[in-house]
Structure formats: C-alpha cells, structure tokens
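# Secondary and tertiary structure notes
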Amino acid sequence: MNFRFRTRLGGGLTLAALAAAVILTGRSGEAAQAAGGEGAVFTMTNAAAADGGNAVVAFRRNANGALEAAGTYPSGGAGTGQPRLGSQGSVTLNEKGNFLLVVNPGSDNVTVFRVAADATLTATDLEGSGGDMPESVTIHGDLVYVLNAGTPNNISGFRLDGAGQLTAIVGSTRSLSGVGVEPAQVQFSPGGDQLVVTEKATNKIDIYSVGRNGLADGPAVHDSNGMTPFGFAFTSKANFAVSEAMGGVSGQAATSSYSLNGREDFRVISPSVGDGGSEVCWVAVSNDSRYAYVTNFQSGTISSYSVARSGKLTLLEAVAARTSPGFAATDPLAAHLGPRDEAITRDGGILYVIDNASPKIIGYRIGDDGGLTRLTTTSGFPATFAGLAAR
C-alpha cells in the first residue's frame, strides 16, 4: 500500500497531549559548553492502534545539545503499546539524513519520512514489512532491509527511491537460523556487502552476503561468544561490537567484539568484556571509532569501552553516566525501565540516550577522552516510546 500525506499532529487527543507534554530542560553550566553543530533527533511513541497509533516525535538540536520540539508526526501504522521494544534500530536515518525509516511492529509495516532541514517531517510511503512484527530496519545507499521479529522470523529487502517510495525486492525474504529466535537487530556492514542479525534466544549471530542485485545470501550462522547477544555497532569496516545481556543475570552484562571478512570468515576479537552492569542493550560507537557506549537498563547506567584499531575492547568506565537509580532483579518493572536506545550525532559531539524510568532523552557531551558530561534532558514522553536516531 502506498500513500502520501502531510501532517504535523494527529487528530486524536493522545498525540495532542504528547506534543503539549514535551518539556525541555537543561543544566546551564554544562550546556554553555559547545558540544557540536546543529542537527535533529527523532524517536517514536510506539503507541498501539487503540491509543492513536505510532508517531514520530521530532526535535531540532542546537550546538549545546538542547532540543526544541519540531512536531509529532503519525506514521500511519501502529506500535506495540508496550514499554519497550526488544530491538535496536527501530528508527533509522539514511546516510544523507534526508529520509527517516520507522518500523510499525503493531501493524507489520514501515513508514518513510522525508526530513527537512528544520527537522520537520513529511510522510512519503507506508509499505508492508514483508513479515510479522518489524522491529529493526537498516539502510545502505538505496537498499533497505527490515528485520521481522514475529512468526516467522525473517529479513526482507526493499529499494528506496529519491521520492521516498519503497519497492519490495522480489525474492529477497530470508529466514533466520530458526523460528522463535527473538532477533534484536539487523545492520549493514559499512561497505553494504553484508548483513548482520543478532538472535537473543539462540545465542547466534547470522551473517548474510548481499549482492549487487540487493539479494541477501545466507545466513551463515555463528555462535555468539556470550549469552543473549543484543545490540551491535561496527567499529571499522570489518569489526563490530555486540552487547550481551547474559540471560539477564545480575552484574554479568558484557560486550564482545568480532572480525567479519566474509559470510564464513567470522572470529572473536575480545570475548565478553564485562561492565558490572545488568541487562545490557544498545551499542553506540563514536564517530572516530575510539569508544563504544552500552546501556545497562536494569542498572540505570551507561558503560564505556575504548576500542583499539584491532577491534579489541577495554572497559573504560563501568559507570560512564547514571541515568536512573537502577532496579533490583526482583522488581517487576526492572525489565522495562532504565536506559535503552542510543544515538550519536553526525558531528560526533553528543550521545543521546532514552531512559524509560522517568521517560526522557538525555544528551551527553562526548569528551576527547571518551568521558560523558550531561548537557540536557528532554522529558514528557509516553512510557511506550522507543527508537532513537540523530543527525
């Protein structure tokens, strides 16, 4: 199904209330320090159809990291209505930053938005995801792949044209290692010739080769070094770091790094470097590839690693920043609260993090030494919100 619409706010009270509720606050002393150029930040409400459906909340950001509301934009689809998504990459910008792709896991489709210079959005297309419950999307050039986390698990490919229209690639749907694998993320390698998928339930990492025709070949299925591989990010053309939730065991969160030189050429560089936290999720890598940041949502912390040119990881700070108090493993809310999604701005100056404990986005200046300094806090989001992209 194709459609085009231009709208800033939905017709329901839910979206109107959300737009009115977003509050921007900052810490004046730190925010006065320049942290990078101007840009934009995007997240999604992940609201269910009964609550008005999914929508993107857009912000303009200034050089000090402060965010200014730029509108709330219905996606035309629906989210899960749950306090979190078990994935990384639900909201993704293309390389130029002029198109935003958003998954709608409650309605099995993907929305494309054109991004204006002032961070306002225009929806250009809504297409079926090629499967059930899309939770992660990746783009390289005009090639898009969507990870469907429902039944059956799969990835499906599309082409994105200059008008913001998605066209499904015939015969592109590929299975994962099995059914019920609980996939967490799909991501292109920097060269665009490979796709990586993490599987939480099976402790596997799937690798696909991508041909010039856009078709993925595979998967080659590899063992994760640690349990519950979740989010990941490339640290170089061939190396990437993967967070490991270790089955949710308290204090056992870790990150491993791998070398990838072809679908079958897969090896461990750094095995399960622990950070002392609990329930690790997303991974973000600094633009110079020197530092990696992971969120430990049960602990309420962000941990940092230094990354060698070889891809080797060394724990830099077990607690590089604290976003929330943290939660006991027995707390029924522990699985939903704390820091989750991350995004680093295109200029490399600021790390933004979603924290669901008191729904907010926190901005941190990234220092030359990899240290994090809190700059600003944006609050007023629904408890269901998820996904983060920045430019």
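Residues numbered from 1 in each chain as written. Predicted model: local features only at pLDDT ≥ 70, side-chain atom pairs only at ≥ 80, totals over all residues. Heavy atoms only, no water.

### Concerning the overall build of the protein
For the record, the criterion: Helix and strand definitions here come from DSSP, where helices need a minimum of 4 consecutive H or I residues and strands a minimum of 2 consecutive E residues; each element is numbered from the N-terminal end. For each residue, the accessible area found with a 1.4 Å probe, counting protein chains only, is set against the maximum for its type, and the residue is called buried under 20%, exposed over 50%, and partly exposed in between. In this analysis, two residues are considered to be in contact whenever any of their non-hydrogen atoms come within 4.5 Å of each other. Accessible areas in this description were obtained via Shrake-Rupley with a 1.4 Å probe; residue shielding takes into account the shown protein chains only.
Helices and strands together make up the secondary structure of the protein, namely two helices and 30 strands. Classification of the 391 residues of the protein by burial places 59% in the buried group. Sequence-distant contacts, at least 24 apart, represent 54% of the contacts inside the protein between residues at least 6 apart. Surface exposure of the protein reaches about 14,000 Å², of which carbon and sulfur atoms provide 51%.

### Notes on the sheet that holds strand β25 (residues 313–322)
The line we're drawing: Pairing between strands requires that DSSP locate at least two bridges from one strand to the other. Lines fitted to C-alpha atoms define the axes here, with helix axes fitted over just the stretch in contact, and angles between the N-to-C directions of these axes take values from 0 to 180 degrees.
Within the open sheet, the four strands sit side by side as β22-β23-β24-β25. Their pairing is antiparallel. The open sheet terminates on both sides in strands that have one partner only, identified here as β22 (280–285) and β25. With direction set aside, neighbouring strand axes in the sheet form an average angle of 25°. Bridging between strand β23 (residues 291–296) and strand β24 (residues 301–307) involves six bridges; their strand directions are antiparallel. Each residue of the ladder has a partner; that of Tyr291, found in β24, is Ser306.

### Some points on the nonpolar core
Here is the rule: Remark: nonpolar core denotes a set of buried residues (Ala, Val, Leu, Ile, Met, Phe, Trp, Tyr, Cys) joined through side-chain atoms within 4.5 Å.
Counting 31 residues, the largest nonpolar core has Phe42, Leu100, Phe113, Leu121, Val144 and Leu166 as its most contacted members. Top element by residues in this core is strand β6 (residues 99–104). It accounts for five residues.

### Points about the layout of surface pockets
Rule in force here: Here a cavity is any set of points on a 1 Å grid over the protein atoms alone where a 1.4 Å probe fits but cannot get out, and a pocket is any open set with protein on both sides within 12 Å along at least 5 of 7 lines; a residue lines the site when it has an atom within 4 Å of a point. Grid points are joined across faces, edges and corners, and a volume is the space filled by probe spheres set on the points. Under the grouping applied here, Gly and all other residues not named as nonpolar or charged are polar, the nonpolar ones being Ala, Val, Leu, Ile, Met, Phe, Trp, Tyr, Cys and Pro and the charged ones Asp, Glu, Lys and Arg.
As a volume, the largest pocket reaches approximately 1,200 Å³. Lining of the largest pocket is provided by 39 residues; of these, Leu93, Gln187, Ala233, Val285 and Arg346 occupy positions nearest its centre. At the level of elements, β5 (91–93), β9 (134–140), β14 (183–188), β18 (229–234), β22, β26 (339–344) and β30 (386–390) are the ones that each hand at least two residues to the lining of the largest pocket. Across the lining of the largest pocket, the residue classes break down as 19 nonpolar, 17 polar and three charged. There is about 320 Å³ of room inside the second largest pocket. Together, 18 residues line the second largest pocket, and Arg84, Gly86, Glu182, Lys200 and Phe230 are the ones closest to its centre. Per-class residue counts for the lining of the second largest pocket are nine nonpolar, four polar and five charged.

### A closer look at the pairing of β26
A large share of β26 lies buried, amounting to six of its six residues. Two strands pair when backbone bridges link them, and β26 and strand β27 (residues 350–355) are joined in this way by four bridges, in the antiparallel orientation. Each residue of the ladder has a partner; that of Ile344, found in β27, is Leu351. Linkage of β26 to β27, two consecutive antiparallel strands, is achieved through a turn of five residues, within which Gly348 is found at a positive phi near 80°.

### Some words on the sheet that holds strand β2 (residues 39–44)
The strand order β4-β3-β2-β30 describes an open sheet built from four strands, whose pairing is antiparallel. Both edges of this open sheet fall to β4 (67–74) and β30, since each of them pairs with a single strand only. Across this sheet, the average inter-strand angle for adjacent strands is 20°, counted without regard to direction.

### Section: the confidence of the model for the protein
Heads up, the rule is: Within a predicted model, pLDDT stands for the predictor's per-residue confidence, ranging from 0 to 100.
In the predicted model, the protein carries a mean pLDDT of 90, and 88% of its residues have values of at least 70. The model gives residues 1–13 a pLDDT under 50, and that stretch makes 34 contacts with residues more than four places away or in other chains.

### Regarding the side chain of Arg174
We count it as follows: For this count, His and the chain ends are skipped, Lys and Arg are scored as positive, and Asp and Glu as negative. Each salt bridge in this description consists of a side-chain nitrogen of Lys or Arg and a carboxyl oxygen of Asp or Glu lying within 4 Å of one another. Two N or O atoms count as a polar contact when they lie within 3.5 Å, although within protein this holds only if one can serve as hydrogen donor and the other as acceptor, and sequence-adjacent residues are included solely when both atoms are side-chain atoms.
Position of Arg174 among the secondary structure elements: in strand β13 (residues 174–175). In this structure, Arg174 is buried with no salt-bridge partner, the nearest side chain bearing the opposite charge being Asp217 at 5.7 Å. Engagement of the side chain of Arg174 in a polar contact is seen with the backbone oxygen of Ala216, the distance being 2.5 Å. Aside from chain neighbours lying at most four places away, what touches Arg174 is Asn153, Asn154, Ile155, Tyr208, Leu215, Ala216 and Gly218.

### Re the packing of aromatic side chains
Here is the rule we go by: What counts as a ring pair is set by centres within 6.5 Å for rings of Phe, Tyr and Trp (its six-membered ring), and what kind of pair is set by the plane angle: stacked under 30 degrees, edge-to-face over 60, tilted for all other angles. In this analysis the charged atom, NZ for Lys or CZ for Arg, is taken to sit over a ring once it is within 6 Å of the ring centre and within 35 degrees of the ring normal.
Scanning the model with the defined rule gives eight aromatic pairs in all. Between the aromatic rings of Phe232 and Phe240, the centroid separation amounts to 5.8 Å while the plane-to-plane angle is 65°, which identifies the pairing as edge-to-face. This pair shows no difference in class: Phe232 is buried, exactly as Phe240 is. Members of the aromatic cluster, each reached through a chain of ring pairs, are Phe232, Phe234, Phe240, Tyr258 and Phe266. The side chain of Arg340 reaches across the aromatic face of Phe297, ending 4.4 Å from its centre.

### Some details on unusual backbone geometry
Cis rather than trans, the peptide bond between Thr151 and Pro152 has omega equal to 0°. Counting through the fold element by element, Pro152 comes out in the loop between β10 (143–148) and β11 (154–160). At Asn203, a residue that is not glycine, the phi angle is positive and equals roughly 60°. Notably, Glu279 is not glycine yet its phi reads approximately 60°, a positive angle.

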